[in-house]
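Structure assessment
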Amino acid sequence: MKPIKSKNVLSFIIFISIGAIFLIGYLFLEKYISTETAAIILFVFVVLQVLILQFFLKNQLKKEVLNTSTEEGIDDIKHDLQVAEKQAEQKADYLANMSYEVRTPLSTVLGMLSMLKATNLSGEQKAQVEIAECSSKHLLQLTKLITQNAGVNSDDIELKFSTTDLIIDLLSLFKVFEFQAMEKGLVFTYKFLYDKHDRFSLLADSERIQQVIINLFNNAVKFTDSGTISIIVDQSISIDDEQIVSFYIKDTGVGMQQKEVSAVFYNGDGSKNLKQNNHTISGLGLSVSKQLVKQMGGELKLESKPNEGSAFYFSLQLKKTLSLKSREEKFEPVLIDKFYVLVAEDNRMNQKVIKFLLERQGADCTFAKNGFEAVELYKILDFDMIFMDIYMPNMDGYEATKAIKETDKYLKSNTPIIAVSASDFEEDIANAKQAGIDDFLAKPIDIKKLKELLVKYSKTNSTV
């Protein structure tokens with residue numbers, strides 16, 4: 001009960017009490033009630049008054065104690081927060097000092113190894129120096145990463161854009177990755193997808209991009225005991241003066257259940273660890289990576305299957321700067337007539353990518369951001385083909401495909417449905433077939449494969 005309301009009730013009771021006393025006195029004086037009756041009524045009334053006052057005083061005392069306790073609790077929380085902030089500052093200072101102390105001698109070691117490589121060494125000696133150099137770069141990378149990740153957690157992220165060639169920047173990083181994978185007996189592969197005749201330098205924060213890739217690669221190494229880790233950098237999509245760059249980091253590790261996928265990005269502090277196949281998934285660096293990608297205008301996504309592996313991917317829309325274009329190449333779309341395509345895709349950047357690829361081939365695109373929207377759009381509009389992302393909110397691609405195939409329109413038109421996913425796991429492909437999906441297209445989208453599918457299902461209205 002609020003203080004104001006309690007006071008109003010107490011005032012009302014006092015007013016009623018005074019009125020009751022006057023009434024009993026009047027009845028006694030007019031001899032409507034006897035002395036004994038008046039005394040009994042007054043006694044009962046006094047007892048009730050005492051009980052009511054006791055109740056109100058008890059509540060008031062409880063409120064005062066509670067308020068005092070709350071104020072003390074707030075003071076304690078403020079004090080704990082100040083202590084935590086101070087500890088965080090000390091931690092950041094310690095990490096910065098530690099990073100400096102470690103990186104200084106490491107820089108000297110790398111410099112000496114570089115000088116040593118320039119001397120007359122035998123083949124075996126060159127290999128030994130190269131291993132020592134890769135190990136030193138790996139240690140330098142880890143030291144730098146610790147301070148960078150701590151900085152993201154404690155401060156506002158500040159992006160530093162500069163003109164960069166991502167291929168050149170990432171090649172040296174991938175050489176270190178090769179050595180890390182080799183140390184664990186894993187195979188590391190990487191691929192750059194780009195138009196050789198239409199290349200640009202880009203305005204990007206290359207250091208932050210590398211930080212995300214390092215986090216994701218280290219996570220893949222940690223949870224992959226055998227098999228392959230692959231990285232694909234897709235720079236093949238250009239829209240006016242901007243380039244969409246997509247990054248895919250895939251592994252054949254332990255993977256995880258679908259219910260664990262959304263939680264893994266938020267366990268960076270290690271407070272809530274997930275268990276999968278006797279591995280502790282702490283999400284180290286993943287929450288930082290998600291935050292960095294979001295700050296750069298993208299969204300970090302994850303697709304995973306237990307015992308098959310995981311696929312992390314994200315796309316960034318970056319400004320073109322210096323043109324590295326060498327020559328124009330004549331381009332002809334494969335579709336010559338109107339071809340209407342429904343694309344079910346929840347990621348805004350992926351929508352831009354597939355829209356560019358399909359429209360370049362002569363298709364007309366309509367987008368749905370989840371399976372439910374795809375089903376409703378299919379019911380009211382006519383489409384020649386459907387591209388269905390498997391992992392979507394509200395209703396996934398499998399459920400949407402099943403719902404579409406149950407409509408009267410599908411029974412008449414038999415519209416081809418193509419599954420689209422960053423993970424081409426065996427289970428996904430098997431589930432797609434079981435759901436009645438006609439074909440499977442993996443991300444990053446292979447343009448040759450896309451053309452083949454368009455030609456295959458466009459019947460007679462293609463150039464091939």
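Look a little higher up for the structure.
Conventions we followed
Residues numbered from 1 in each chain as written. Predicted model: local features only at pLDDT ≥ 70, side-chain atom pairs only at ≥ 80, totals over all residues. Heavy atoms only, no water. Helix = DSSP H or I, 4+ residues; strand = E, 2+ residues; numbered from the N terminus. Buried < 20%, exposed > 50% of the residue type's maximum accessible area, 1.4 Å probe, protein only. Contact = heavy atoms within 4.5 Å. Areas by Shrake-Rupley, 256 points an atom, 1.4 Å probe, with all protein chains shown as cover. Arc of directions from axis to C-beta. Polar contact = N/O pair within 3.5 Å; in protein donor to acceptor, adjacent residues only side chain to side chain. Pairing = 2+ DSSP bridges. Axes fitted to C-alpha atoms, helices over the stretch in contact; angles between N-to-C directions. Core = buried A, V, L, I, M, F, W, Y, C linked by side-chain atoms within 4.5 Å. Phe/Tyr/Trp six-rings, centres within 6.5 Å; stacked < 30°, edge-to-face > 60°. Parallel < 35°, antiparallel > 145°, perpendicular 65-115°, else oblique. Left-handed = near helix turned anticlockwise from the far one by under 90°. Nonpolar A, V, L, I, M, F, W, Y, C, P; charged D, E, K, R; others polar. Salt bridge = Lys/Arg side-chain N within 4 Å of Asp/Glu carboxyl O.

**A closer look at the overall build of the protein**
The number of helices and strands found in the protein is 13 helices and 14 strands. Relative to its full complement of 464 residues, the protein shows a buried share of 43%. Within the protein, counting contacts between residues at least 6 apart in sequence, those at least 24 apart form 72% of the total. For the protein, the computed accessible surface area is about 26,500 Å², with 57% contributed by carbon and sulfur atoms.

**Focus on helix α9 (residues 371–380)**
Inspection of α9 places G371, A374, V375, L377 and Y378 among the buried residues, and these make up the whole buried set. Viewed along the axis of α9, the buried residues span an arc of 165°, placing them on a single side of the element. Of the residues flanking the start of α9, the one acting as N-cap is N370, its side-chain oxygen 3.1 Å from the backbone nitrogen of F372.

**Some thoughts on the sheet that holds strand β10 (residues 339–344)**
Pairing is parallel in the open sheet, where 5 strands are placed in the order β11-β10-β12-β13-β14. The open sheet has two edge strands, β11 (363–368) and β14 (439–442), and neither has a second partner. Going from strand to strand, the sheet's axes swing by 25° on average, the running direction of each strand aside. Here strand β13 (residues 417–421) pairs with β14 via 4 bridges, running parallel. By the bridge assignment, V420 is partnered in β14 with L441. Across the sheet, helix α10 (residues 397–405) is in contact with β12 (385–389) and β13; its angle to β12 comes to roughly 150°. Along the sheet, helix α13 (residues 447–457) makes contact with β10, β12, β13 and β14, crossing β14 at roughly 155°.

**Quick word on the environment of L216**
Positionally, L216 belongs in helix α5 (residues 206–222). If we skip the residues at most four places from it in the chain, L216 touches I249, L286, S289, L300, F312 and F314.

**A look at the nonpolar core**
Note that soluble globular proteins tend to have their nonpolar side chains buried in a common cluster. Counting residues in each nonpolar core, the largest one holds 42 residues, and the members touching the most others are F174, F177, I213, I231 and F247. For this core, the element with the highest residue contribution is α5, accounting for 8 residues. Each residue touching I231, except ones within four places of it in the same chain, is listed here: F174, F177, F188, T189, Y190, K191, I213, F217, Y248 and I249.

**Notes on the packing of aromatic side chains**
Tallied over the entire structure, the rule returns 11 aromatic pairs. Ring geometry for F174 and Y190: centres 5.1 Å apart, planes at 45°, overall tilted. With F174 in helix α4 (residues 166–183) and Y190 in strand β2 (residues 187–193), the pair connects residues that are 16 residues apart, well separated along the chain. Take F174: its relative accessible area is 0%, and that puts it in the buried class. Judged by its relative accessible area of 32%, Y190 falls in the partly exposed class. Seen from their ring centres, F177 and F217 are 3.8 Å apart, and the 10° between their planes marks the pair as stacked. Highlighted residues: F177 in helix α4 and F217 in helix α5, separated in sequence by 40 residues.

**Points about the packing of α5 against helix α7 (residues 286–295)**
Relative to each other, α5 and α7 sit at 150°, their axes nearing to 9 Å. By the angle class used here, α5 and α7 are roughly antiparallel. The handedness of the crossing between α5 and α7 comes out as left-handed. Along the contact surface, α5 presents R208, Q211, V212, N215, L216 and N219, while α7 presents L286, V288, S289, L292 and V293. Along the lines of polarity and charge, the residues of the contact of α5 with α7 split into 6 nonpolar, 4 polar and 1 charged.

**A few points about the side chain of S206**
Residue placement: S206 occurs in helix α5. Residue S206 is classed as buried on the basis of its relative accessible area, which comes to 9%. Ignoring sequence-local partners within four residues, the contact set of S206 consists of T164, L166 and D169.

**A closer look at the environment of I418**
The topology assignment puts I418 in strand β13. Residue classification places I418 among the buried residues on the basis of a relative accessible area of 0%. Along the chain, I418 and L441 lie 23 residues apart, while their C-alpha atoms are 6.8 Å from each other. In this view, I418 contacts M385, I386, F387, M388, I437, D439, F440, L441, L453 and Y457; residues no more than four positions away in its chain are not counted.

**Overview of the side chain of K305**
Summarising the element assignment, K305 is placed in strand β8 (residues 301–305). If we skip the residues at most four places from it in the chain, K305 touches V254, G255, M256, Y391, F425, E427 and D428.

**Thoughts on the packing of α4 against α5**
The interhelical angle for the contact between α4 and α5, taken along N-to-C directions, is 25°, at an axis separation of 11 Å. Classified by the interaxial angle, the pair formed by α4 and α5 is roughly parallel. Crossing of α4 over α5 shows right-handed handedness. Residues L166, D169, L170, L173, F174, F177 and Q180 of α4 lie in contact with α5, whose contacting residues are S206, I209, Q210, I213, I214, F217 and N218.

**Remarks on the pattern of salt bridges**
Counted under the stated rule, the structure contains 14 salt bridges. Across the salt bridge formed by E345 and K443, the nearest N and O atoms sit 3.0 Å from each other. Taken as a pair, E345 in the loop between β10 and α8 (348–360) and K443 in the loop between β14 and α13 lie far apart in primary sequence, 98 residues in all. For K443, a relative accessible area of 5% puts it in the buried group.

**A short note on unusual backbone geometry**
Residue K443 is joined to P444 through a cis peptide bond whose omega torsion reads -5°. Of note in the backbone geometry, N307 takes a positive phi value of approximately 70° without being a glycine. The phi angle at N394 is positive, at roughly 70°, despite the residue not being glycine. Looking at the element boundaries, N394 is found in the loop between β12 and α10.

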